[in-house]
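Coordinate analysis (summary)
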Amino acid sequence: MSRTDDAILKLKEMITAGELPAGSRLPREADLAARLGLSRNSLREAIRALAMLRILDVRQGDGTYVTSLEPTLLLDTMGFVVDFQQEDSVLHFFEVRRILEPAATAMATHRITEEALAVLEGTLSLGGPDASVETLVQQDILFHQTIAEASGNPVLRALIAGLSAPTLRARVWRGNEQEDARARTIAEHRQIYEALVAGQADVACACATVHIAGVEAWIRRAMADGAS
C-alpha cells in the first residue's frame, strides 16, 4: 500500500467512525498529519484524491471540509466515468436500467405521494400526437425520475439518474425511427401509473420491466441491423 493510499484509508476511517461527520472541518494540516503519523505531502495527496471524489471540499483561505456525503453528490463522479463510454455500450446501460428501475417502481408503490402521482399523470398528456420527439423524451425522463424519487432510496435515485444520460441519444433515435414509439411509450407509462395508483407493486414492477425491455430490444435490433 502506498503512503497516499494509507492516508486515504485513515481519513476514510475518521469519516466513517463519525470523528469527522458531514459538514465538519478538518484539523490543521500539520496537526492532522502528526496525529495520523503521515507526511504532509501524503496527507495533501489524500485530500486531493478525496476532493475529486466529492468527499472533501477544499475551500481556499477557509480550510477543508467533509461534504454533505449525500449519495447524489458522491455518485456525480459516476457521470464523469459514463461520459467516456463508447456508443455501443448503451445496451449495457439499458440492461442495468432493466434491473434497477422495476425495483424502484415496486418500492415507490407504497411510498409515492399524491403530488408525485399528479406529476406522473401530467406527463401522460405531454406526448400527444403533435408533440416533438424531444418533448416525448423529456416527458419520459420526468416520468422515470419522479418514480425513482418516490422510491425513497437516495442511492437508487442517484444511480438511476446517472443511467439516464447515456441512454438519452438512443431514446431520441427510437422516437424518430420507430413508427409507434410515441403511442407505445404513453400506453406503457399509463399502465405503470395505474398500477402505482392501485398500489399494486408486483404489477407496477412487471409493467416497468416490459417497458424498459421493449426499448432495449428495439435498440438491440436497430444496432444489429445497422451493423449488418
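See above for the structure.
Let us look at the structure shown here. Numbers given for residues are sequential positions, taken from 1 along each chain in its written order. Totals for whole chains, interfaces and linings use all residues, but because this is a predicted model, local features are given only for residues with pLDDT of at least 70 and pairs of side-chain atoms are given and counted only at 80 or more. Here the side-chain values reflect all heavy atoms present in the structure, with hydrogen atoms and water set aside.

Before going further, it helps to spend a moment on helix H7 (residues 114-123). Partly exposed describes any residue whose relative accessible area lies between the buried limit of under 20% and the exposed limit of over 50%, with all areas from a 1.4 Å probe on protein chains only and scaled to the type maximum. Helix and strand labels come from DSSP, where a helix needs a run of H or I of at least four residues and a strand needs a run of E of at least two; each type is numbered from the N terminus. Looking at H7, one finds that the buried residues are Ala116, Leu117, Leu120 and Thr123. Buried residues in H7, looked at end-on, bunch into an arc of 120°, giving them a common side. Summarising the geometry of H7, the exposed residues directed more than 90 degrees from the buried face are Glu114 and Glu115. The arc refers to the directions leading from the helix axis to the C-beta atoms.

As paired strands, strand S1 (residues 56-59) and strand S2 (residues 63-66) are joined by four bridges and run antiparallel to one another. In the strand pairing of S2, aspartate 57 is matched with tyrosine 65. For two strands to be treated as a pair, DSSP must find at least two bridges joining them.

The next subject is the packing of aromatic side chains. Here a pair means two rings of Phe, Tyr or Trp (six-membered ring of Trp) with centres within 6.5 Å. Their orientation is stacked below 30 degrees between planes, edge-to-face above 60, and tilted elsewhere. For the structure on display, the rule yields zero aromatic pairs. Taking NZ or CZ as reference, arginine 59 lies 3.9 Å from the ring centre of tyrosine 65, over its face. When the NZ atom of lysine or the CZ atom of arginine is within 6 Å of a ring's centre and also within 35 degrees of its normal, the charge is said to sit over that ring.

With that out of the way, let us pick up the packing of helix H8 (residues 133-150) against helix H10 (residues 168-177). To obtain each axis, a line is fitted to C-alpha atoms, and for helices this fit is confined to the stretch in contact; angles are then taken between N-to-C directions over 0 to 180 degrees. At a minimum axis separation of 9 Å, H8 and H10 run at an interaxial angle of 130°. In terms of axis orientation, H8 runs oblique to H10. The handedness of the crossing between H8 and H10 is right-handed. Residues Val133, Val137, Asp140, Ile141 and His144 of H8 lie in contact with H10, whose contacting residues are Leu168, Arg171, Val172, Gly175 and Asn176. Comment on the angle field: the value is read as roughly parallel under 35 degrees, roughly antiparallel over 145, roughly perpendicular from 65 to 115, and oblique elsewhere. Working rule for handedness: look at the near helix, and if it is turned counterclockwise from the far one by less than a right angle, call the crossing left-handed; if clockwise, right-handed. The contact rule is simple, with two residues in contact once any of their heavy atoms fall within 4.5 Å.

What follows concerns the pattern of salt bridges. Just to be clear on terms, a salt bridge is a Lys or Arg side-chain nitrogen sitting within 4 Å of an Asp or Glu carboxyl oxygen. For the structure on display, the rule yields 13 salt bridges. In this structure, the salt-bridge partner of arginine 48 is glutamate 45, at a minimum N-O distance of 2.7 Å. With arginine 48 and glutamate 45 both in helix H3 (residues 40-52) and three residues apart, the pair spans about one turn of that helix. Notably, a salt bridge pairs glutamate 216 with arginine 220, separated by 2.8 Å at the nearest N-O pair. With glutamate 216 and arginine 220 both in helix H12 (residues 201-227) and four residues apart, the pair spans about one turn of that helix. Overall, the relative accessible area of 5% leaves glutamate 216 in the buried class. The network of salt bridges with shared partners includes Glu95, Arg98, Glu216 and Arg220.

Before going further, it helps to spend a moment on the state of the cysteines. Working definition: a disulfide is two cysteine sulfur atoms within 2.5 Å of each other. Under the criterion given, the structure shown has zero disulfides. Left unpaired, cysteine 207 is separated from the closest cysteine sulfur, that of cysteine 205, by 9.3 Å.

Once that is clear, we can look at the environment of isoleucine 192. Mapped onto the elements, isoleucine 192 comes out in helix H11 (residues 181-198). Judged by relative accessible area, which is 1%, isoleucine 192 ranks as buried. When the C-alpha positions of isoleucine 192 and threonine 209 are compared, they lie 9.9 Å apart, and in sequence the two are 17 residues distant. With residues up to four places along the chain from it excluded, the contact list for isoleucine 192 reads Thr105, Phe143, Ile147, Cys207, Ala208 and His211.

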